[in-house]
Amino acid sequence: MNNRKIIFITGATAGFGKAIAYKFAAHGWDIIINGRREDRLNQIEVDLREQFGVKVLSLPFDVRDRAKVQQNIQSLPHDWKEIDVLVNNAGLASGLSTIQEGDIDDWEVMIDTNVKGLLYVSRQIMPMMINRKQGLIINISSIAGKEAYARGNVYCATKHAVDALTKSMRIDLLEHGIKVTSIDPGAAETEFSLVRFRGDAERAKKSYLGYEPLHAEDIADIAYFAATRPAHVVLNDIVVTPLAQANTAYIVKKEN
Ligand code: NDP
Ligand code: 8X3
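This report concerns the structure included in the present document. (Residues numbered from 1 in each chain as written. Chains lettered and ligands numbered in written order. Predicted model: local features only at pLDDT ≥ 70, side-chain atom pairs only at ≥ 80, totals over all residues. Heavy atoms only, no water.)

Attention now moves to the overall build of the chain. Looking only at helices and strands, the chain has 8 helices and 9 strands in total. Along the first, second and third principal axes, the C-alpha set of the chain runs to 55 × 40 × 35 Å. Across the 256 residues that make up the chain, the buried fraction comes to 48%. Across the chain, the fraction of contacts at a sequence separation of at least 24, relative to all contacts at a separation of at least 6, is 72%. If you sum the accessible surface of the chain, you get close to 12,800 Å²; carbon and sulfur atoms cover 52% of it. In the chain, 31 side chains carry a positive charge and 32 a negative one; their mean positions are 3 Å apart. (Helix = DSSP H or I, 4+ residues; strand = E, 2+ residues; numbered from the N terminus. Buried < 20%, exposed > 50% of the residue type's maximum accessible area, 1.4 Å probe, protein only. Contact = heavy atoms within 4.5 Å. Areas by Shrake-Rupley, 256 points an atom, 1.4 Å probe, with all protein chains shown as cover. Lys, Arg positive; Asp, Glu negative; His and termini not counted. Charge placed at Lys NZ, Arg CZ, Asp CG, Glu CD.)

With that settled, the discussion passes to the packing of aromatic side chains. Counted under the stated rule, the structure contains 4 aromatic pairs. Ring geometry for Tyr22 against Phe52: centres 6.2 Å apart, planes inclined by 80°, an arrangement best described as edge-to-face. One end of the pair, Tyr22, is in helix H1 (residues 15-26); the other, Phe52, is in helix H2 (residues 38-52), and 30 residues separate them in sequence. Its relative accessible area of 27% is what places Phe52 among the partly exposed residues. Ring centres of Phe24 and Tyr224 lie 5.1 Å apart, and the angle between their planes is 75°; this geometry places the pair in the edge-to-face category. In this pair, Phe24 is assigned in helix H1 and Tyr224 in helix H8 (residues 216-227), connecting sequence segments 200 residues apart. Ring pairs connect the aromatic residues Phe24, Trp29 and Tyr224, which therefore count as one cluster. Above the plane of the ring of Tyr155 lies Arg196, whose end atom (NZ or CZ) is 5.4 Å from the centre. Above the plane of the ring of Phe225 lies Arg229, whose end atom (NZ or CZ) is 3.7 Å from the centre. (Phe/Tyr/Trp six-rings, centres within 6.5 Å; stacked < 30°, edge-to-face > 60°. Lys NZ or Arg CZ within 6 Å of the ring centre and 35° of its normal.)

What follows is about H2. Count 3.6 residues to each turn of an α-helix, and residues three or four apart come out pointing the same way. With 15 residues, H2 should reach 21 Å at 1.5 Å per residue; the first-to-last C-alpha distance of 21 Å fits that figure. Along H2, the residues that are buried comprise Leu41, Ile44, Glu45 and Leu48. Looking down the long axis of H2, one finds its buried residues gathered within 105° of arc, a one-sided arrangement. Relative to its buried face, H2 has exposed residues pointing more than 90 degrees away, namely Asp39, Gln43 and Glu50. Of the surrounding elements, those touching the buried residues of H2 are H1, strand S2 (30-35) and strand S3 (56-60). Once H2 ends, the next one or two residues include Gly53, with phi positive near 65°. (Expected span 1.5 Å × (residues − 1). Arc of directions from axis to C-beta.)

Once that is clear, we can look at the nonpolar core. With 35 residues, the main nonpolar core has Ile7, Ile20, Phe24, Ile31 and Ile183 as its most contacted residues. Listed by contribution, the elements that provide at least two residues to this core are strand S1 (6-9), H1, S2, H2, strand S4 (85-88), strand S5 (136-140), H8 and strand S9 (237-240). The contact partners of Ile7, leaving out residues within four places of it in the chain, are Ile20, Phe24, Trp29, Asp30, Ile31, Ile32, Val85 and Val87. Phe8, Ile32, Ile83 and Ile125 belong to the second largest nonpolar core, which has 27 residues in total. (Core = buried A, V, L, I, M, F, W, Y, C linked by side-chain atoms within 4.5 Å.)

A separate point is the site of ligand 1. Close contacts around ligand 1 come from 31 residues, with Thr13, Arg36, Asp62, Tyr155 and Thr190 the closest. Between ligand 1 and the protein, one listed contact pairs an oxygen atom with a backbone N or O atom of Phe16 at 2.9 Å. Between ligand 1 and Val63, the relevant distance is 3.0 Å, taken from a nitrogen atom to a main-chain nitrogen or oxygen of the residue. Contact with the protein chains removes 96% of the 880 Å² of surface that ligand 1 exposes when unbound. When residues of the shell around ligand 1 are traced back to their parent elements, those giving at least two are H1, S2, helix H5 (153-173) and helix H6 (192-196). Looking at the shell around ligand 1, its residues break down into 13 nonpolar, 12 polar and 6 charged. (Near = heavy atom within 4 Å. Polar contact = N/O pair within 3.5 Å; in protein donor to acceptor, adjacent residues only side chain to side chain. Nonpolar A, V, L, I, M, F, W, Y, C, P; charged D, E, K, R; others polar.)

For the rest of this paragraph, the subject is empty space enclosed by the protein. With a probe scaled to a water molecule rolled over the atoms, the places where space remains empty come into view. Inspection of the entire model under this criterion finds 1 cavity of 30 Å³ or more. Its boundaries defined by the atoms lining it, the largest cavity holds a volume of some 30 Å³. The wall of the largest cavity is formed by Thr10, Val63, Asn88, Asn89, Ala90, Thr113, Gly117, Leu118 and Val121. With 4 residues, the single largest contributor to the lining of the largest cavity is helix H4 (residues 104-132). Residue classes in the lining of the largest cavity are distributed as 4 nonpolar, 5 polar and no charged. (1 Å grid on protein atoms, 1.4 Å probe; cavity = no way out; pocket = protein on both sides within 12 Å on 5 of 7 lines; lining within 4 Å. Points joined across faces, edges and corners; volume = space filled by probe spheres on them.)

As structure tokens, then:
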């Protein structure tokens, strides 16, 4: 019997995606990792192989590049096409401002990555899962996909779109026996704020002062739990925040 399990993770060079790769590799899964930073992918690939003895394939592409997405996934070696779990994780917030003062380039990059990139990748992998009549898609949304917050407008809109796409996938894939799970984290300390604030490390750090934020490993644990339920059980929607956070608007921070 073939017990091989394969997970495909977009945005695995940092944060949640990287932690998910390590978590699944630690449990013996073979891993396909994606991201734009090829040097990081190569490092992670070697490390996962050495630490866990699993097979690892790096696919360096930008999820916004429709042709590259198609080409990379279509040309996967035959034995890598049996993907059990797809994690649509690649994403970002770019900037934090009102719509009237917004930078339109920021909007484009968020919509293209968080919404269109997720669709491009899913469009390629869903037929492979349908062929095998099994699979799990985990979409990394956010509490920003449940409620809008001040100056979060377009980022929140992209995550609301992910929420709608998750619900739609669940309907479209129902007859094919494929599970769809949404993980919706609150504040988590990754490179997220560094990216949002264009490399301003001091400002990024401030987002996580005065409370314990979620860690990337917390999300990896949840992803692994979701992927290891019995065949008849689906976790549909998992909202997770740090203890100090009630929702996008309420977060209790201690004075420093
Ligand atoms: P990080 O910035 O730490 O990681 C983001 C990952 O996405 C990186 O590996 C990055 O790799 C990859 N990525 C970004 N753009 C692209 C692209 N165009 N093509 C391919 N890969 C890309 O952030 P997080 O781990 O925090 O974010 C992961 C997901 O979680 C995102 O969708 C984010 O919106 C969501 N999220 C984050 C929360 C948080 O507070 N941190 C809370 C809720 C949701 P590279 O740059 O190498 O391409
Ligand atoms: C990231 C979480 O609400 O801090 O999706 O922007 S939030």
